[in-house]
Amino acid sequence: AIRDENLKRQEESQMRIEALRRQTAEYEANIRKETDQARVEAETKGRIEQERKNWDLHMQRSKMESIEFRSTVLEGIREAGSILGDGFKEYISDTQKLTTT
């Protein structure tokens with residue numbers, strides 16, 4: 001009888017220990033899941049923020065390139081106009097060339 005009671009207590013104790021192990025495993029799994037979700041969320045927010053900064057930098061570079069291109073084109077137009085104007089003035093002022101053509 002005593003042996004049966006001891007055996008029964010040991011079985012109950014083993015069952016409680018096993019239940020605690022299951023609860024601990026479930027708790028650890030939940031903690032891992034929450035941690036993973038928090039990590040993924042933080043990484044996603046970080047990527048979004050980085051993309052916003054990159055977009056701003058790309059836009060700023062694009063504006064600078066456009067301004068530089070515009071000034072280069074305008075400078076080329078002015079130079080071409082100056083060369084043509086100087087050539088035309090020289091042609092008009094040289095009466096000998098003017099009369100021969």
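Quick caveat: nothing in here was measured; it's all calculated off a predicted structure. (Residues numbered from 1 in each chain as written. Predicted model: local features only at pLDDT ≥ 70, side-chain atom pairs only at ≥ 80, totals over all residues. Heavy atoms only, no water.)

J.: Before we go on, may I ask you to explain the overall build of the protein chain in this structure?
T.: In terms of helices and strands, the protein chain carries two helices and zero strands. Relative to the 2.2 N^0.38 estimate, which gives 13 Å for 101 residues, the radius of gyration of the protein chain is 43 Å and therefore markedly larger than a compact globule would have. Overall size of the protein chain, expressed as C-alpha extent along the three principal axes, is 140 × 15 × 10 Å. (Helix = DSSP H or I, 4+ residues; strand = E, 2+ residues; numbered from the N terminus. Rg over C-alpha atoms; globule rule 2.2 N^0.38 Å.)

J.: What am I meant to see in the pattern of salt bridges here?
T.: Pairing is possible between side chains that carry opposite charge, provided their charged atoms lie close to one another. According to the stated counting rule, one finds eight salt bridges in the structure shown. Two residues, Arg 21 and Glu 18, come together in a salt bridge whose shortest N-O distance is 3.7 Å. Of this pair, Arg 21 and Glu 18 are both found in helix H1 (residues 2-93), three residues apart, which corresponds to roughly one turn of the helix. The exposure class of Arg 21 is exposed, given its relative accessible area of 53%. On the basis of relative accessible area, Glu 18 is assigned to the partly exposed category, the value being 35%. Here Glu 43 ties to Arg 47 by a salt bridge, and the two come within 3.9 Å at their closest N and O atoms. Placement of both Glu 43 and Arg 47 in helix H1 is noted, with a separation of four residues, approximately one turn of the helix. Residue Glu 43 is classed as partly exposed on the basis of its relative accessible area, which comes to 37%. Each of Asp 36, Arg 39, Glu 43 and Arg 47 takes part in salt bridges that share partners, so that together they form one network. (Salt bridge = Lys/Arg side-chain N within 4 Å of Asp/Glu carboxyl O. Buried < 20%, exposed > 50% of the residue type's maximum accessible area, 1.4 Å probe, protein only.)

J.: What exactly am I supposed to notice about the environment of Glu 65 here?
T.: In this fold, Glu 65 is placed in helix H1. As for Glu 65 and Ile 31, which are separated by 34 residues in sequence, their C-alpha atoms are 50 Å apart.

J.: So what exactly am I meant to see when it comes to a nonpolar patch on the surface here?
T.: Together, Phe 69, Val 73, Leu 74 and Ile 77 make up an exposed nonpolar region whose accessible area comes to about 370 Å². Structurally, Val 73 can be placed in helix H1. (Patch = residues over 30% accessible without salt bridge, like charges linked within 9 Å, V, L, I, M, F, W, Y side chains within 5 Å. Areas by Shrake-Rupley, 256 points an atom, 1.4 Å probe, with all protein chains shown as cover.)

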